[in-house]
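Below, each chain spelled out in residue letters.
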Amino acid sequence: MPELKTVGLFLITALAEIIGCYLPYLWLREEKSVWLLVPAALCLAAFAWLLSLHPTAAGRVYAAYGGVYIFMAILWLWAIEDIRPTIWDLVGSGVALLGMAIIMFAPRGT
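Every chain begins its residue count from 1, and numbering advances along the sequence as written. Two thresholds apply to this predicted model, a pLDDT of at least 70 for residue-level local features and 80 or more for giving and counting side-chain atom pairs, whereas whole-chain, interface and lining totals are computed over all residues. Excluding hydrogens and water, the side-chain figures rest on all heavy atoms present in the structure.

1. Quick notes on the packing of helix α1 (residues 2-29) against helix α4 (residues 87-105)
Selection rule: The angle between two axes is taken between their N-to-C directions and runs from 0 to 180 degrees, where each axis is a line fitted to C-alpha atoms and a helix contributes only its stretch in contact. In this text, helices come from DSSP runs of H or I with a minimum length of four residues, and strands from runs of E with a minimum of two, each type numbered from the N-terminal end. An angle counts as roughly parallel when it lies under 35 degrees, as roughly antiparallel when it exceeds 145, as roughly perpendicular when it falls between 65 and 115, and as oblique in every other case. Two helices cross in a left-handed way if the nearer one is turned anticlockwise from the farther one by less than a right angle. They cross in a right-handed way if the turn is clockwise. Note on definitions: a residue-residue contact is assigned when non-hydrogen atoms from the two residues lie within 4.5 Å. Under the scheme applied, nonpolar residues are Ala, Val, Leu, Ile, Met, Phe, Trp, Tyr, Cys and Pro; charged residues are Asp, Glu, Lys and Arg; polar residues are all the others, including Gly.
Relative orientation of the contacting elements α1 and α4 amounts to 130°, with a least axis distance of 12 Å. Considering their axes alone, α1 and α4 lie oblique with respect to each other. Considering only the axes of α1 and α4, their crossing is right-handed. Only Met100, Met104 and Phe105 of α4 make contact with α1, whose side of the interface consists of Glu3, Thr6, Val7 and Phe10. Tallied by class, the residues present in the contact of α1 with α4 amount to 5 nonpolar, 1 polar and 1 charged.

2. Section: the side chain of histidine 54
Within the fold, histidine 54 resides in the loop between α2 (37-51) and α3 (58-79). Filtering out sequence-adjacent residues up to four positions away, histidine 54 remains in contact with Thr6, Leu9, Phe10 and Val61.

3. As for a nonpolar patch on the surface
Just so we agree on the cut-off: Patch members must show over 30% relative accessible area and no salt bridge, and they are joined within 9 Å when carrying like charges or within 5 Å when they are nonpolar side chains of Val, Leu, Ile, Met, Phe, Trp or Tyr. Note that accessible areas follow from Shrake-Rupley with a 1.4 Å probe, and for residues the cover is restricted to the protein chains shown. Each reported salt bridge corresponds to a side-chain nitrogen of Lys or Arg within 4 Å of a carboxyl oxygen of Asp or Glu.
Where nonpolar side chains cluster on the molecular surface, the patch consists of Trp27, Leu28, Val34, Trp35, Val38 and Leu42 and spans about 660 Å² of accessible area. Elements with a minimum of two residues in the nonpolar patch: α1 and α2. Topologically, valine 34 is positioned in the loop between α1 and α2.

If you want it as structure tokens, here you go:
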């Protein structure tokens with residue numbers, strides 16, 4: 001069950017980061033309201049806080065988180081930007097998730 005909690009926390013963390021970066025993108029590139037920067041800053045603060053909740057070494061968390069971020073970014077591409085991922089997007093996401101699982105869940109000596 002700790003594995004499920006870890007993956008769930010990574011998914012929420014990635015969502016916070018993606019939203020925190022997407023909102024300024026909308027302001028800068030799509031000429032949306034500057035007020036989008038307020039929720040963007042809150043999302044990025046939540047992202048940093050969420051990363052701190054993992055009980056393992058920060059470097060390991062950051063490395064493994066990258067795999068989940070890749071998966072969530074491809075999901076965002078499909079769900080929000082309405083661009084269907086290619087087979088290579090999906091394969092790459094799968095490889096990244098496998099890397100995350102190896103980093104986070106491999107047996108470790110004390």
